[in-house]
Amino acid sequence: MQHDLFSTNGSTSLIPLGEQSAILRGYALALDQQLVAEITAIVELAPWRRLQTPGGKSMSVVTTNSGDFGWHSDSKGYRYVATDPISQKPWPKMPAVLTDLARCAAAELGFRNFEADACLVNCYKPGTQMGLHQDRDEHSFSAPIVSISLGLPARFLWGGKVRTERPQRIELLHGDVVVWGGVDRLRFHGIAKLGDGQHPLLGAQRINLTLRRAGP
Ligand SMILES: O=C(O)CCC(=O)C(=O)O
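Residues numbered from 1 in each chain as written. Predicted model: local features only at pLDDT ≥ 70, side-chain atom pairs only at ≥ 80, totals over all residues.

**Q** I tried to follow the overall build of the protein on my own but got confused; where do I start?
**A** Each helix and strand in the protein was counted, giving two helices and 13 strands. What you see for the protein is a C-alpha radius of gyration of 16 Å, in line with the 17 Å of a compact globule of 216 residues. Seen through its principal axes, the protein has C-alpha atoms that stretch 45 × 40 × 40 Å. Across the 216 residues that make up the protein, the buried fraction comes to 40%. Within the protein, residue pairs in contact and separated by at least 24 positions form 72% of the contacts whose partners lie at least 6 positions apart. (Helix = DSSP H or I, 4+ residues; strand = E, 2+ residues; numbered from the N terminus. Rg over C-alpha atoms; globule rule 2.2 N^0.38 Å. Buried ≥ 20, exposed ≤ 12 C-beta atoms within 10 Å, placed from the backbone. Contact = placed C-beta atoms within 7 Å.)

Given below as structure tokens:
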């Protein structure tokens, strides 16, 4: 039972979102300092950048990546790339703590043997947001998405399979992990405008890590 590693304090509860999706409340809490140290190391090698949408708009959040593939957006479209377009080097290696955490969290929802090969790291400052979207740039949709929240609380927008379905708004807290896959894999989701605040570990920001299987 490797996933006991991540819920040793017994504080994790599973809040269902859909048939094959849930919030694992506090699942990553015991690892928060280690995760922040890994993010700091990633950002040293692949600094935060503000991506442009294919239509030329600046994204609200700043991002970076770790793993075999990194999510990128510019005038050529949304896609995964194997090298950082700024440094022309491979993205920083995915830390084992992230692949292990993602595998264990996915298994909690019944998605066995999830091997993430991409981790998109998003940094939100108060006033920034992420609009409703689907994660659909991956090679296949058979693997789930595992999303880790750190820092300031945020309202997660959890929509349906069509953009027009009104999303639920659910609070995500420092240390929460959201998993969605299977019939819920293409649900629209986003983050409402982040409120002001100061988090003891991260200050006035929220960092989100989404672990995906981007390649075959
Ligand atoms: O910040 C979040 O919790 C969600 C991030 C997200 O939807 C994405 O990176 O596709």
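Picking up after the structure, the text goes on.
**Q** Would you explain the environment of Gln198 in this entry?
**A** Examined against the element boundaries, Gln198 turns out to sit in the loop between strand S12 (189–191) and strand S13 (206–212). Classification of Gln198 as exposed rests on a count of 11 C-beta atoms within 10 Å. In contact with Gln198, other than residues within four places in its own chain, are Gly203 and Ala204.

**Q** Which parts of the structure should I look at to understand the site of the ligand?
**A** The local shell around the ligand consists of Leu120, Asn122, Met130, Asp135, Ser147, Ser149, Phe156, His189, Ile191, Asn208 and Thr210. Mapped by element, the contributors of at least two residues to the shell around the ligand are strand S6 (118–124), strand S8 (145–151), S12 and S13. In terms of residue class, the shell around the ligand is made up of four nonpolar, six polar and one charged. (Near = placed C-beta within 6 Å. Nonpolar A, V, L, I, M, F, W, Y, C, P; charged D, E, K, R; others polar.)

**Q** What's the story with the nonpolar core in this structure? I'm lost.
**A** The tendency in soluble globular proteins is for nonpolar side chains to be buried side by side. The biggest cluster of nonpolar side chains holds 54 residues, and the ones touching the most others in it are Ala102, Ala105, Cys119, Val146, Val177 and Val179. Taken together, the elements giving at least two residues each to this core come down to strand S2 (21–25), helix H1 (32–45), helix H2 (96–108), S6, S8, strand S9 (154–158), strand S11 (177–180) and S13. Other than its neighbours up to four places away in sequence, Val146 contacts Ala102, Ala105, Ala106, Ala116, Val177, Val179 and Leu211. (Core = buried A, V, L, I, M, F, W, Y, C linked by C-beta atoms within 7 Å.)

**Q** Looking at this structure, I do not really get H2. What am I missing?
**A** At 3.6 residues per turn, the α-helix brings residues three or four places apart onto the same side. Taking 1.5 Å per residue as the helical rise, H2 with its 13 residues ought to reach 18 Å, and the 18 Å between its terminal C-alpha atoms agrees with that figure. Turning to H2, its buried residues number three or more, namely Leu98, Leu101, Ala102, Cys104, Ala105 and Ala106. Contacts from the buried residues of H2 go to S2, H1, S6, S8, S11 and S13. Downstream of H2 by one or two residues, Gly110 has phi in the positive range, about 90°. (Expected span 1.5 Å × (residues − 1).)

**Q** Looking at this structure, how should I read the sheet that holds strand S7 (residues 130–133)?
**A** Strand pairs in the sheet, formed through backbone hydrogen bonds, run parallel or antiparallel to each other. With antiparallel pairing, four strands are arranged side by side in an open sheet as S7-S12-S9-S10. Edge positions in the sheet fall to S7 and strand S10 (168–172), since each has one partner strand and no second. Looking at each pair of strands side by side, their axes are set apart by 20° on average, direction ignored. (Pairing = 2+ DSSP bridges. Axes fitted to C-alpha atoms, helices over the stretch in contact; angles between N-to-C directions.)

**Q** What's the story with H1 in this structure? I'm lost.
**A** Compared with the 20 Å implied by 1.5 Å per residue over 14 residues, the 20 Å span of H1 between its first and last C-alpha is a close match. Residues Leu35, Glu38, Ile39 and Ile42 constitute the buried set of H1. An end-on view of H1 places all buried positions within 105° of arc, on one side of the element. H1 presents Gln33, Ala37, Thr40 and Glu44 as exposed residues on the side facing more than 90 degrees away from its buried surface. (Arc of directions from axis to C-beta.)

**Q** Sorry if this is basic, but what is going on with the sheet that holds strand S3 (residues 62–67) here?
**A** Taken in spatial order, the seven strands line up as S1-S2-S11-S8-S13-S6-S3 in an open sheet, and their pairing is antiparallel. Each having just a single partner strand, strand S1 (13–18) and S3 make up the two edges of the open sheet. Averaged over all neighbouring strand pairs, the angle between strand axes comes to 20°, with direction disregarded. Pairing of S8 with S11, which is carried by four bridges, proceeds in the antiparallel orientation. Bridge pairing in S11 places Ile145 opposite Trp180. The sheet strands contacting H2 are S1, S2, S6, S8, S11 and S13, and the helix crosses S11 at an angle near 60°.

**Q** Help me understand unusual backbone geometry in this model?
**A** Of all residues except glycine, most have a negative phi; of all peptide bonds, most are trans. With a phi close to 65°, Gln88 is a non-glycine residue in the positive phi region. Within the secondary structure, Gln88 is located in the loop between strand S5 (77–81) and H2. According to the C-beta neighbour criterion, Gln88 is exposed, with 7 such atoms within 10 Å.

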